[in-house]
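# Topology and contacts: notes
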Amino acid sequence: MNKLFTTCAAALVVTSTLTAGAALAQQNKKFPVIPLTTGMHVIQAEVVATEAERQKGLMFREHMAQNEGMVFLFGAPASVCMWMKNTLIPLSVAFIDDDGKIVNIENMKPQSLESHCSKKQVRYALEMNEGWFKQKNIKPGSTIDGLPKSR
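The paragraphs below set out a description of the structure included in this document.

Criteria and thresholds
Residues numbered from 1 in each chain as written. Predicted model: local features only at pLDDT ≥ 70, side-chain atom pairs only at ≥ 80, totals over all residues. Heavy atoms only, no water. Disulfide = S-S within 2.5 Å. Helix = DSSP H or I, 4+ residues; strand = E, 2+ residues; numbered from the N terminus. Buried < 20%, exposed > 50% of the residue type's maximum accessible area, 1.4 Å probe, protein only. Phe/Tyr/Trp six-rings, centres within 6.5 Å; stacked < 30°, edge-to-face > 60°.

### Description of the state of the cysteines
- Summed over all chains, the structure comprises one disulfide.
- The disulfide partner of C81 is C117, and the S-S distance across this bridge is 1.9 Å. Of note, the bridge from C81 to C117 carries an S-S torsion of about 105 degrees and is right-handed in sense. Residue C81 is located in strand β4 (residues 81-82), and its partner C117 is located in strand β7 (residues 116-117); the two are separated by 36 residues in the primary sequence.
- Overall, the relative accessible area of 45% leaves C81 in the partly exposed class.
- The partly exposed category is assigned to C117, whose relative accessible area is 32%.

### Topic: the packing of aromatic side chains
- Using the criterion set out here, one finds one aromatic pair in the structure.
- Taken together, a centroid distance of 5.3 Å and an interplanar angle of 90 degrees make the contact between W132 and F133 edge-to-face. Side by side, W132 and F133 carry an identical accessibility label, which is buried.

Right, dumping it as structure tokens:
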């Protein structure tokens, strides 16, 4: 009987570990990636277009490579705000209009509920590691090329 109990307990531990691992993998799952360019810089951007995808964004990620980012597609130009709930890495967000022109750039602190909003209606938001835009001398008025049309 004791051997059966030990075997069942071990099976339960293995099952729990596999379930937790699968949940973590699902949380860190990447979205489809497209190349974007601004000047000579190439960005490998994950694309999020649905409400559920936009809500998840970069939550629970522990790092992002130097030229990786996430582009948020909105169905039509709108005034949008971003926040950092459950986001572990500091980010900069560029709000981008229908023509691919950056309207404004905001720095966002990890795990903050502070809203960072576009200064006018935009169709896209591009999140990069904090300071990426400044390091590359990319400012409001710069253009991002390769942005997809909304699905």
